[in-house]
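Each chain, letter by letter, is given below.
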Amino acid sequence: MSARPSHNAPPHVAPPHAAAKAGGSNRLSGESSAYLLQHSRNPVDWHPWGEQAMARARELDRPLLVSIGYSSCHWCHVMERESFESASTAALMNEHFVCIKVDREERPDVDQIYMDTLMRLTGHGGWPLTVFCLPDGSPFYGGTYYPDEPRHGMPSFRQLLTSLADAWRDRRDEIEAAAHQIVEALDVGLAPATGSGPGAVEISRAARLIMQTADLEHGGFGPGPKFPTPTNLELLIAATDFLPADEAQAIAHHLSKTAREMSRRGLYDQLAGGFHRYCVDRAWTIPHFEKMLYDQGLLLRCYAELLRRGGDPQDLEWPMRETIEFLRREMSSPEGGFYASQDADAGGVEGAFQVWTPTQVEALLGDRAKDFCDAYSITQTGNFEHATSHLVDVASRPRSEWAVEREILRDARTRRSAPETDRKRVAAWNGYVISGLARAASALGDDTLLVPAMRAMDFVRDELIDADGRLHRIFDKGRAAVPAFLDDHAALLDACLDLHRAGAGDGPLTIALHLAHEIGDRFIDAASGAAHFTPVDGEPLIHRPRSDHDGATPAAAGLAAIGLVRLAGLSGLATFRDQADRLIAAESAMIDVGPQAFPTLLRAVALRARGLSVAVIVGDPDDQMTRALASRARRVLRPEDAVVVSPPGSERPIGVSADWLIGRVAVDARPTAYVCHGTRCSLPAFRPEDISPLDRSDPTRPATLADSDPARTPR
């Protein structure tokens with residue numbers, strides 16, 4: 001082994017940041033990230049991610065301590081209070097390591113590399129993510145939260161720091177060998193695909209495997225902690241088109257129950273609307289109180305599709321409308337776009353903003369308090385800490401009941417110390433919300449919901465796409481930052497297609513074509529067809545990660561495949577279809593092993609298997625019957641299908657193949673609708689009720705989604 005630099009700091013190297021030692025602001029004070037700024041007054045000599053930190057580690061011959069989290073992460077706050085605000089712990093960190101803070105929402109590429117490392121080392125992950133690395137960023141040890149004192153079999157953070165500092169001094173060869181082995185393992189390629197590629201068999205198998213964990217009593221999947229898992233919900237909805245009727249009905253019944261339980265119980269904010277991150281218990285009673293933007297957008301999509309398929313409006317409409325109102329009221333930026341999250345804590349106490357006692361309710365509601373407390377499970381003993389209660393709608397009455405009382409409590413709650421809001425705008429997450437709003441507009445028959453969606457897309461176009469056409473991931477403190485990743489491009493591609501389908505005009509198709517070209521040119525490997533999470537011209541890292549995984553948000557590769565299949569069908573451009581096919585083929589070996597782990601990619605497989613349907617409505621867009629025909633088409637076609645409104649004599653919109661429009665005319669100068677699938681088109685339709693899909697080879701419908709026409713009720 002070659003000689004190493006001295007373990008003593010060379011005399012020309014600067015000491016730890018003076019402000020960090022003195023208790024003032026550290027190197028993070030100039031950052032825009034809310035999460036990094038939360039740590040800007042720690043006594044730790046934090047560096048932001050970048051070459052400067054790695055150069056310092058090389059000069060000092062110290063390992064890197066990389067700490068990754070996000071602004072609304074409760075356990076990140078706990079570890080900060082216990083360890084990063086401790087002068088003695090900070091002194092250990094500053095003496096033996098070069099310490100880096102990473103906002104996982106800004107740098108999901110860095111987070112993915114180290115989360116993949118942790119999963120390989122321990123089989124589990126989470127945040128805060130704590131990783132120790134060589135000065136070049138190669139990881140050799142990792143974990144999540146470490147307590148300030150030894151407990152539950154875990155060492156204290158100080159013990160860990162001391163142990164790793166000793167190992168760096170005494171067993172460097174072992175550490176470097178371990179780091180090199182980990183990086184080599186990260187770079188292992190996929191096995192080549194075999195067989196004809198995934199199809200209906202894999203879709204059905206994935207659905208059955210997911211349903212093996214279904215909680216038939218409380219809805220959702222598995223015991224607590226219980227997450228909403230919208231990626232799984234969307235696959236199960238799609239899988240009902242491929243399964244035998246009895247299985248499809250059982251799944252649909254479970255989806256309906258899950259949607260109802262999530263909105264009636266503690267996952268949902270009964271006063272302000274919107275969904276919390278997850279619940280700690282099986283019965284959806286006590287949430288982790290943070291609210292993430294991506295959950296709102298993705299769950300809007302699920303509720304909209306359940307409603308479109310004939311689900312009970314009494315269970316599905318009000319959660320959508322209240323969540324949209326929450327987004328408008330609390331998550332919309334005056335500059336444009338939607339904020340990233342709201343914290344779980346208020347005044348340093350988790351849940352303090354949301355919980356109530358009977359005495360507090362009585363002071364506000366008087367004689368109505370007892371009945372309200374009974375309806376929303378507010379008791380003297382409480383269901384949360386310190387005899388407080390989080391609202392759970394145990395009465396499950398029509399939503400109009402108790403509306404006045406809920407508003408009184410919500411208004412009173414605004415005068416409490418509120419959770420912090422992370423005001424950065426994340427491109428991908430805004431894409432999920434734009435998509436959710438567009439689908440909600442179609443399912444509810446309410447075009448006013450397109451207004452905030454279009455405004456957010458205008459913000460993306462104007463502020464996040466630069467003069468060179470490059471998309472950025474983050475907008476914060478008045479500027480765009482961080483080159484965008486695959487999930488940003490894929491989510492916004494999907495959102496553009498949803499906006500166009502919902503009636504936002506042809507403008508989104510221009511952005512969609514640009515994003516699709518960016519995905520093909522910069523993220524899909526020309527040789528293998530596989531998708532990378534980072535662009536080919538992105539920042540060099542120890543490992544160029546493949547697409548991220550399905551989890552709280554859709555896997556970027558799967559969402560990209562869906563967008564490419566949709567755009568290929570609408571535009572007729574074979575390049576996009578070929579890229580989608582090769583992308584699916586590149587991932588198919590992993591699907592063979594565990595299809596349930598790839599719900600978004602399997603939705604792309606389902607779409608490819610079914611093919612795209614396109615409804616063409618020829619007529620004046622302002623004509624009442626044209627609008628009625630288009631609204632009907634948006635209700636009966638699947639959300640990935642397209643609806644094109646074509647004024648007579650107009651030019652073909654960019655992004656729409658001429659094949660869909662040739663021969664489509666306004667018969668007798670009346671607004672006329674055609675539904676096409678593959679090479680087949682319907683007869684001209686002049687009444688909304690005459691529009692129906694052509695691709696329903698299997699008429700299986702989810703059991704709780706009414707057996708009648710999905711557009712049975714005018715809206």
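Keep in mind it's a predicted model, so treat the numbers as computed, not measured. (Residues numbered from 1 in each chain as written. Predicted model: local features only at pLDDT ≥ 70, side-chain atom pairs only at ≥ 80, totals over all residues. Heavy atoms only, no water.)

Chemist: Give a detailed account of the sheet that holds strand 18 (residues 672-677), specifying residues and quantitative values.
Modeler: Reading across the sheet, the four strands line up as 17-16-18-19 and stay open at both edges, with mixed pairing between neighbours. At either margin of the open sheet sits one strand with a lone partner, and together these are strand 17 (642-646) and strand 19 (680-681). Examined bridge by bridge, strand 18 and strand 19 share two bridges and lie antiparallel to one another. Across the sheet, the residue bridging to His677 is Arg680, located in strand 19. (Pairing = 2+ DSSP bridges. Helix = DSSP H or I, 4+ residues; strand = E, 2+ residues; numbered from the N terminus.)

Chemist: Describe in detail the state of the cysteines, supporting the description with residues and values.
Modeler: All told, the structure shown has two disulfides when counted by the stated rule. With a sulfur-sulfur separation of 2.0 Å, Cys676 is cross-linked through a disulfide to Cys681. On the sign convention where negative means left-handed, the S-S torsion of about 110° between Cys676 and Cys681 marks this disulfide as right-handed. For Cys676, a relative accessible area of 0% translates into the label buried. When its relative accessible area of 33% is taken as the criterion, Cys681 is described as partly exposed. Taken in sequence order, the bonded cysteines of the chain link in the pattern 1-2, 3-4. Cys99 forms no disulfide, and the closest cysteine sulfur to it belongs to Cys133, at a distance of 12 Å. (Disulfide = S-S within 2.5 Å. Buried < 20%, exposed > 50% of the residue type's maximum accessible area, 1.4 Å probe, protein only.)

Chemist: Just give me the short version of the packing of helix 21 (residues 556-571) against helix 22 (residues 574-593), but keep the residues and values in it.
Modeler: At a minimum axis distance of 8 Å, the contact between helix 21 and helix 22 shows a crossing angle of 150°. Taken as axis vectors, helix 21 and helix 22 run roughly antiparallel relative to one another. Considering how the two elements wind past one another, helix 21 and helix 22 form a crossing that is left-handed. Within the contact between the two elements, helix 21 uses Ala557, Ala560, Ala561, Leu564, Val565, Leu567, Ala568 and Ser571 and helix 22 uses Phe576, Arg577, Gln579, Ala580, Leu583, Ile584 and Glu587. Tallied by class, residues from the contact of helix 21 with helix 22 come to eleven nonpolar, two polar and two charged. (Axes fitted to C-alpha atoms, helices over the stretch in contact; angles between N-to-C directions. Parallel < 35°, antiparallel > 145°, perpendicular 65-115°, else oblique. Left-handed = near helix turned anticlockwise from the far one by under 90°. Contact = heavy atoms within 4.5 Å. Nonpolar A, V, L, I, M, F, W, Y, C, P; charged D, E, K, R; others polar.)

Chemist: So what's going on with the nonpolar core? Residues and values would help.
Modeler: Residues Met93, Phe132, Phe157, Trp429 and Met457 are the most contacted members of the largest nonpolar core, which totals 158 residues. The dominant element in this core, judged by the number of residues it contributes, is helix 17 (residues 427-444), at twelve residues. Apart from residues lying up to four places away in sequence, Trp429 is in contact with Glu105, Met292, Leu293, Tyr294, Ala340 and Arg473. Formed by 21 residues, the second largest nonpolar core is a distinct cluster that contains Val66, Ile68, Ile100 and Leu129. (Core = buried A, V, L, I, M, F, W, Y, C linked by side-chain atoms within 4.5 Å.)

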